[in-house]
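Structural description and commentary
Okay, here's what each chain looks like letter by letter:
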Amino acid sequence: MILILLGPPGAGKGTQAKLLAQQYGVPHISTGDMFRDHKARGTPLGKKIQAIMDAGGLVTDDVTNEMVKDRLSQPDVAPGFILDGYPRTVNQAQYLDLLLRSLGRTIDKVVSYEVAEETVIERISGRRSCPKCGAVYHVSQNPPKRSGYCDRDVTPLVQREDDKPENVRKRMQEYGTKTEPLKRFYRERGLVAEIEGVGTPEGILAATRKALGR
Ligand code: AMP
Ligand code: ZN
């Protein structure tokens, strides 16, 4: 089961990727999480990408492709995997094709979550996360029990730098110009399932599973 999740920032890809990974027992591979982890650990890569990431820009294709190549060489991807946030450019999609070919594997489906721009902006602007455990909340749609603090460990919640309004605009622009063309790229191969990304996470998961036929 090799799945690619597409959709604008705030479309709920991360949430669905986690649910799908549990459902099918395969790893969830999020290049955004991998980059955030490098940043948090202050690795050389983390330092290199920090500014571009905070501003909502894309990390270069070479750096991203290399990181994915390493990840796909791990043994846990044998039963399949769910890609969340990769590929994000046509160059990355072409690289992934070559990489998968060399591994003798093929993409099963590309799920594209469709959400209106106003909705994603409202979702992103209210998003807060716990810097300690990674739990994600929303100020109105999924608030923590005590406002501003994580339910699990009472750590003060923060807003991701790239979730701040000026940086969200940049991310939306990057999505529209560089990532959206991927839908066509994969549609030509009959791989795309479009899913309405509105409703409860469980409802969207059910729609996704139906589209996957399993
Ligand atoms: P995400 O959590 O998927 O929204 O990713 C957060 C940030 O990480 C993005 O805004 C980019 O700066 C960077 N990033 C994640 N995935 C990619 C990718 N495939 N190509 C380039 N940059 C990426
Ligand atoms: Zn926490």
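Residues numbered from 1 in each chain as written. Chains lettered and ligands numbered in written order. Predicted model: local features only at pLDDT ≥ 70, side-chain atom pairs only at ≥ 80, totals over all residues. Heavy atoms only, no water.

In the nomenclature of an unreviewed UniProt entry, the protein chain corresponds to Adenylate kinase from the organism Anaeromyxobacter oryzae. Recorded in UniProt under Sequence similarities (unreviewed entry), the annotation for the protein chain is "Belongs to the adenylate kinase family." (UniProt positions renumbered as here; feature names shortened; annotations may be inferred.)

**What about the packing of helix H1 (residues 13-24) against helix H9 (residues 201-212)?**
It is the contact of H1 with H9, at a shortest axis distance of 10 Å, that shows an interaxial angle of 60°. It follows from the interaxial angle that H1 and H9 lie oblique. Considering the relative orientation of H1 and H9, their crossing is right-handed. Listed contacts from H9 to Thr15, Gln16, Leu19, Leu20, Gln23 and Tyr24 of H1 are Pro201, Ile204, Leu205, Thr208, Arg209 and Leu212. (Axes fitted to C-alpha atoms, helices over the stretch in contact; angles between N-to-C directions. Helix = DSSP H or I, 4+ residues; strand = E, 2+ residues; numbered from the N terminus. Parallel < 35°, antiparallel > 145°, perpendicular 65-115°, else oblique. Left-handed = near helix turned anticlockwise from the far one by under 90°. Contact = heavy atoms within 4.5 Å.)

**Notes on the site of ligand 1**
Taken together, 16 residues lie around ligand 1, and Thr31, Arg36, Gly57, Gly85 and Gln92 are the ones closest in. A distance of 3.1 Å separates a nitrogen atom of ligand 1 from a polar atom in the backbone of Val59. Computed on the free molecule, ligand 1 has an accessible area of 480 Å², of which 95% lies beneath the protein chains in the complex. Here the element with the most residues in the shell around ligand 1 is helix H2 (residues 31-41); it accounts for four residues. Within the shell around ligand 1, the residues separate by chemical class into five nonpolar, six polar and five charged. (Near = heavy atom within 4 Å. Polar contact = N/O pair within 3.5 Å; in protein donor to acceptor, adjacent residues only side chain to side chain. Areas by Shrake-Rupley, 256 points an atom, 1.4 Å probe, with all protein chains shown as cover. Nonpolar A, V, L, I, M, F, W, Y, C, P; charged D, E, K, R; others polar.)

**Describing the UniProt feature "domain: Adenylate kinase active site lid" (unreviewed entry) in the protein chain**
As recorded in UniProt, the sites labelled "domain: Adenylate kinase active site lid" (unreviewed entry) are residues 127-162. Helix makes up 0% of residues 127-162 and strand makes up 17%, while its end C-alpha atoms are separated by 11 Å.

**Quick word on the UniProt feature "binding site: Zn(2+)" (unreviewed entry) in the protein chain**
Under the local residue numbering, the UniProt record ascribes the feature "binding site: Zn(2+)" (unreviewed entry) to Cys130, Cys133, Cys150 and Asp153. Of the residues just listed, which span 24 residues, no C-alpha pair is farther apart than 8.7 Å, and they cluster in one region. With respect to the helices, strands and loops of the structure, Cys130 is situated in the loop between strand S5 (127-129) and strand S6 (136-138). Residue classification places Cys130 among the buried positions, given a relative accessible area of 3%. Under the relative-accessibility criterion, Cys150 is labelled buried at 3%. Discounting chain neighbours no more than four positions away, the residues touching Cys150 are Cys130, Cys133, Ala135, Tyr137, Thr155 and Leu157. (Buried < 20%, exposed > 50% of the residue type's maximum accessible area, 1.4 Å probe, protein only.)

**Topic: the side chain of Asp163**
Mapped onto the elements of the fold, Asp163 is located in the loop between S6 and helix H7 (165-179). In contact with Asp163, other than residues within four places in its own chain, are Ile124, Arg127, Val168 and Arg171.

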